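Overview (structure and organization)
Each chain, written out:
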Amino acid sequence: MSVWEYLDRWGGLPVHWLETPVDPEAASPQLRNIWAMSPSPKPTTWAEVGAAGPRADQVAWGLATTYDSDFSYTEVFEGFLQAVDTTRVRSLVLGYWGKSILSEEPANLPAELLCTHADRFPALRSLFVGHITSDQHEISWIPRGDVTPVLESFPELEELTYRFGQRSRRDEPSDVLRPVRHARLRRLTLQTGGLPAHVPGAIAACDFPALEHLDVWLGVEFYGGDATARDLDALLVGGNLPRLRHLGVMNSEIQDDIAAALAAAPIVARLASLDLSMGTLGDAGVEALLTGQPLTHLQSLTVKHHFVSESMARRLRDHLEPAGVEVSMPDANEPYDWLVDDGQDGRYTQVSE
């Protein structure tokens with residue numbers, strides 16, 4: 001799942017971005033001529049938007065605004081409630097929510113609107129909050145909110161992805177996640193260029209008895225990523241995650257330290273797949289994996305975007321592949337020369353700013 005691309009599918013359904021109605025009277029003659037040449041007439045009311053759209057349960061609905069949009073996000077959301085039978089909506093993607101830069105908008109606006117109308121979405125099972133691509137806003141600029149109310153408001157939710165950046169204003173929530181119990185959540189993904197230190201412990205303190213798939217991006221310190229390998233200690237025990245089978249600890253500038261922590265982590269013994277992609281993993285991290293607890297029980301190990309030497313990558317494959325582990329590890333990335341010239345090792349995460 002890339003921060004550079006729009007989703008084609010979400011929750012097993014094709015993504016359909018909600019169209020907004022047009023106002024022919026306010027449009028320029030040129031724009032009216034373009035609409036007139038369209039094979040289907042442009043909707044002028046929310047009711048017409050709904051009539052022209054797909055069935056509510058056949059797509060993942062995407063809700064977003066654009067720069068200089070005629071509609072605020074609140075208006076788009078309220079229009080969605082008018083246009084679509086939301087009681088049948090199974091999958092939802094909440095995207096860009098500003099009419100200009102997001103720092104001028106409430107950090108938690110999409111989630112707050114959704115939670116306010118939770119009773120209108122009884123069938124919702126898959127949710128993406130913050131689906132904003134880099135051509136709209138760099139990930140570090142996406143205001144950081146608290147996603148806990150979503151879990152509290154939707155006890156039947158099975159899949160949640162939250163993409164967020166730094167806390168840019170004092171009125172933004174300080175917590176990304178607070179301890180909560182959720183009996184049905186199966187997949188949780190947190191995508192960021194800078195993970196606050198409290199988040200791994202908050203996940204560990206949550207009671208997620210059904211969670212099977214967890215991906216967490218750590219990011220870099222410069223963009224607010226102050227989580228360390230020690231902050232992962234409770235999470236890597238996995239006491240409240242009895243069904244977890246996939247763990248991704250990704251996109252970190254301390255990927256070698258994370259690999260060393262995983263080499264002795266109790267949770268690893270019950271995983272089927274492990275993902276250490278998008279970060280700065282090097283030979284030291286792979287050596288820790290090779291000399292730590294056995295990984296031959298895994299079905300797959302994924303390490304995409306890394307800085308491991310060819311010889312060490314071969315050692316890892318030779319150790320795991322004969323046991324039936326699928327190792328997905330393309331060629332190493334090249335260090336940045338300008339970082340080397342600055343006295344650093346030249347390694348970098350896939351996503352930061």
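Before going into details, it helps to say that this report is about the structure given with it.

Calculation criteria
- Residues numbered from 1 in each chain as written.
- Predicted model: local features only at pLDDT ≥ 70, side-chain atom pairs only at ≥ 80, totals over all residues.
- Heavy atoms only, no water.
- Helix = DSSP H or I, 4+ residues; strand = E, 2+ residues; numbered from the N terminus.
- Rg over C-alpha atoms; globule rule 2.2 N^0.38 Å.
- Buried < 20%, exposed > 50% of the residue type's maximum accessible area, 1.4 Å probe, protein only.
- Contact = heavy atoms within 4.5 Å.
- Lys, Arg positive; Asp, Glu negative; His and termini not counted.
- Charge placed at Lys NZ, Arg CZ, Asp CG, Glu CD.
- Axes fitted to C-alpha atoms, helices over the stretch in contact; angles between N-to-C directions.
- Parallel < 35°, antiparallel > 145°, perpendicular 65-115°, else oblique.
- Left-handed = near helix turned anticlockwise from the far one by under 90°.
- Nonpolar A, V, L, I, M, F, W, Y, C, P; charged D, E, K, R; others polar.
- Patch = residues over 30% accessible without salt bridge, like charges linked within 9 Å, V, L, I, M, F, W, Y side chains within 5 Å.
- Areas by Shrake-Rupley, 256 points an atom, 1.4 Å probe, with all protein chains shown as cover.
- Salt bridge = Lys/Arg side-chain N within 4 Å of Asp/Glu carboxyl O.
- Pairing = 2+ DSSP bridges.

Looking only at helices and strands, the protein has 11 helices and 12 strands in total. Relative to its length of 353 residues, the protein is compact, with a C-alpha radius of gyration of 22 Å against a globular reference of 20 Å. The buried share of the protein, reckoned over its 353 residues, is 52%. Counting contacts in the protein only where the partners sit at least 6 residues apart, residues at least 24 apart contribute 80% of the total. For the protein, the distance from the average position of its 28 positive side-chain charges to the average position of its 50 negative side-chain charges is 8 Å.

In contact at an axis separation of 11 Å, helix α3 (residues 73-83) and helix α4 (residues 109-116) are set at 30 degrees when each is read in the N-to-C sense. In this view, α3 runs roughly parallel relative to α4, as classed from their interaxial angle. In this structure, α3 crosses over α4, and the sense of that crossing is right-handed. Of the residues in α4, those touching α3 at Y73, T74 and F77 are L109, P110, L113 and L114. Tallied by class, the residues present in the contact of α3 with α4 amount to six nonpolar, one polar and no charged.

A cluster of acidic residues, E334, D337, D341 and D342, forms a negative patch on the protein surface. Among the secondary structure elements, D337 is positioned in helix α11 (residues 337-341).

Turning our attention to the sheet that holds strand β4 (residues 91-94). Taken together, 12 strands build an open sheet; the order of strands is β1-β2-β3-β4-β5-β6-β7-β8-β9-β10-β11-β12 and the sheet is mixed. Looking along the sheet, the strands with just one partner apiece sit at the ends: β1 (9-10) and β12 (326-328). Where strand β3 (residues 60-63) and β4 come together, four bridges link them in parallel fashion. From the neighbouring strand, G62 faces β4, where its bridge partner is V93.

This next bit is on the packing of helix α9 (residues 283-291) against helix α10 (residues 310-320). Running from amino to carboxyl end, α9 crosses α10 at an angle of 20 degrees, the nearest separation of the two axes being 10 Å. Comparing their axes, α10 and α9 come out roughly parallel. Seen along the crossing, α9 lies across α10 with a hand that is left-handed. Residues D283, V286, E287 and L290 of α9 lie in contact with α10, whose contacting residues are M312, R315, L316 and H319. Classifying every residue of the contact of α9 with α10 by side-chain character gives four nonpolar, one polar and three charged.

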